[in-house]
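# What the coordinates show
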Amino acid sequence: MSGDWLQTSGLDGQLELPVADRLRNLRPASVAKGSVLFRPGDEPNSFVLVLSGRIAVYLTGQNGREILLYSVSPGETCIQTTIGMVGGQAYSGEAIAETDLVVVSIPRSEFARLMDDSASFRRFIFRSFGERLGEVTHLLEKVAFVRIDQRLAAALLEVADSSAMVSATHQELARRIGSAREVVSRKLEAFARQGLVSTDRGQVQIIDAAALHKICEET
């Protein structure tokens, strides 16, 4: 990974050779699961590229309710960091390492230099920003127009492991779908009564995945 991290960064083959050589001098770093990468009000001082693992970015409303805005995986970028680095704005969300991470941090000064000097780097940043913004827009559409039971069914199917087990609390699921923990608990109880899932502390076992898929497809 440390030999040529560009291969897993989303930048491999996209940069001018001198720019790629400069970036290869940056060294990957490990970040432990559960670490907070930034909080609301923090000023971005580097542009982070994820080489392995996943970062979750959350937004908290005035009522204390949280929503998962998006996740950042290898080859993807963080909208909040891009806005901060390009527009000089502080973070409004919170980023947490969902898994152990390996990341490369491009210092603010080097990021500004790359934006000035490298057309290919600018294309990467703005293309990635556009793609992530599209995902956030899709999330807002779901929160506004898709029923909670459909959003919950889709979230369960999305995060389940190979044994159809979802290792997530009701609060974590609520954050993922933009709802309240109490609402998620009621919906999971309803799913359990229908024989679609079984629940335990911090875990949900999917019993009837086909029925959950059918709920997702309802109009």
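Further up the page is the structure itself.
We now turn to the structure provided with this report. Keep in mind the model is a prediction, meaning the values are calculated, not measured.

Where helix α6 (residues 170–177) meets helix α7 (residues 181–193), the axes come as close as 8 Å, and the angle between the chain directions of the two elements is 105 degrees. Judged by the angle between their axes, α6 and α7 are roughly perpendicular. Residues H170, Q171, L173, A174 and I177 of α6 form the contact with α7, whose own contacting residues are R181, V184, S185 and L188. The residue inventory of the contact of α6 with α7, partitioned by class, reads five nonpolar, three polar and one charged.

Tallied over the full model, the rule gives 13 salt bridges. With a shortest N-O distance of 3.1 Å, R24 and D21 are connected by a salt bridge. By relative accessible area, which is 40% here, D21 ends up partly exposed. Ionic pairing is found between E182 and R181, a salt bridge with its closest N-O pair at 3.3 Å. For R181, a relative accessible area of 37% puts it in the partly exposed group. Among the charged side chains, a network of salt bridges with common partners joins R22, E110, R113 and D117.

This part is about the sheet that holds strand β5 (residues 66–72). Each strand in a sheet pairs with another by means of backbone hydrogen bonds, the pair being arranged parallel or else antiparallel. Read across the sheet, four strands follow the order β2-β6-β4-β5 without closing on themselves; strand pairing throughout is antiparallel. Of all the strands in the sheet, just β2 (36–38) and β5 have a single pairing partner and so form its edges. Between one strand axis and the next, the sheet turns by 30 degrees as a mean value, whatever way the strands run. Running over the sheet, helix α2 (residues 79–87) touches β2, β4 (55–60) and β5 and is turned about 80 degrees from β5.

Our focus in this paragraph is the nonpolar core. Counting 21 residues, the largest nonpolar core has W5, L11, L23, I106, F111 and F121 as the members making the most contacts within it. Those elements giving two or more residues to this core turn out to be α1 (17–23), β3 (46–52), β7 (101–107), α3 (108–117) and α4 (119–145). Sequence-distant contacts of W5, that is, excluding residues within four places in its chain, are made with L23, R24, L26, P28, L49, L51 and V104. With 19 residues, the next largest nonpolar core counts A153, A174, I177 and L196 among its residues.

A word on the environment of R54. Tracing the chain through its elements places R54 in the loop between β3 and β4. Given the relative accessible area of 32%, R54 is considered partly exposed. Separated by 33 residues in the primary sequence, R54 and D21 have C-alpha atoms spaced 26 Å apart. Apart from the residues lying within four places of it in its own chain, the contact partners of R54 are S71, V72, S73, I96, A97, E98, T99 and L101. A distance of 2.4 Å separates the side chain of R54 from the side chain of E98, its partner in a polar contact.

Evaluation of the coordinates by the stated rule reveals three aromatic pairs. Between F38 and Y91 the ring centres are 3.6 Å apart and the planes differ by 5 degrees, which places this aromatic pair in the stacked class. Separated by 53 residues along the polypeptide, F38 in strand β2 and Y91 in the loop between α2 and β6 (94–97) bring together distant segments of the chain. When sorted by exposure, F38 lands in the same class as Y91, which is buried.

Conventions adopted
Residues numbered from 1 in each chain as written. Predicted model: local features only at pLDDT ≥ 70, side-chain atom pairs only at ≥ 80, totals over all residues. Heavy atoms only, no water. Axes fitted to C-alpha atoms, helices over the stretch in contact; angles between N-to-C directions. Helix = DSSP H or I, 4+ residues; strand = E, 2+ residues; numbered from the N terminus. Parallel < 35°, antiparallel > 145°, perpendicular 65-115°, else oblique. Contact = heavy atoms within 4.5 Å. Nonpolar A, V, L, I, M, F, W, Y, C, P; charged D, E, K, R; others polar. Salt bridge = Lys/Arg side-chain N within 4 Å of Asp/Glu carboxyl O. Buried < 20%, exposed > 50% of the residue type's maximum accessible area, 1.4 Å probe, protein only. Pairing = 2+ DSSP bridges. Core = buried A, V, L, I, M, F, W, Y, C linked by side-chain atoms within 4.5 Å. Polar contact = N/O pair within 3.5 Å; in protein donor to acceptor, adjacent residues only side chain to side chain. Phe/Tyr/Trp six-rings, centres within 6.5 Å; stacked < 30°, edge-to-face > 60°.

Any functional reading would require information that these geometric values do not contain.
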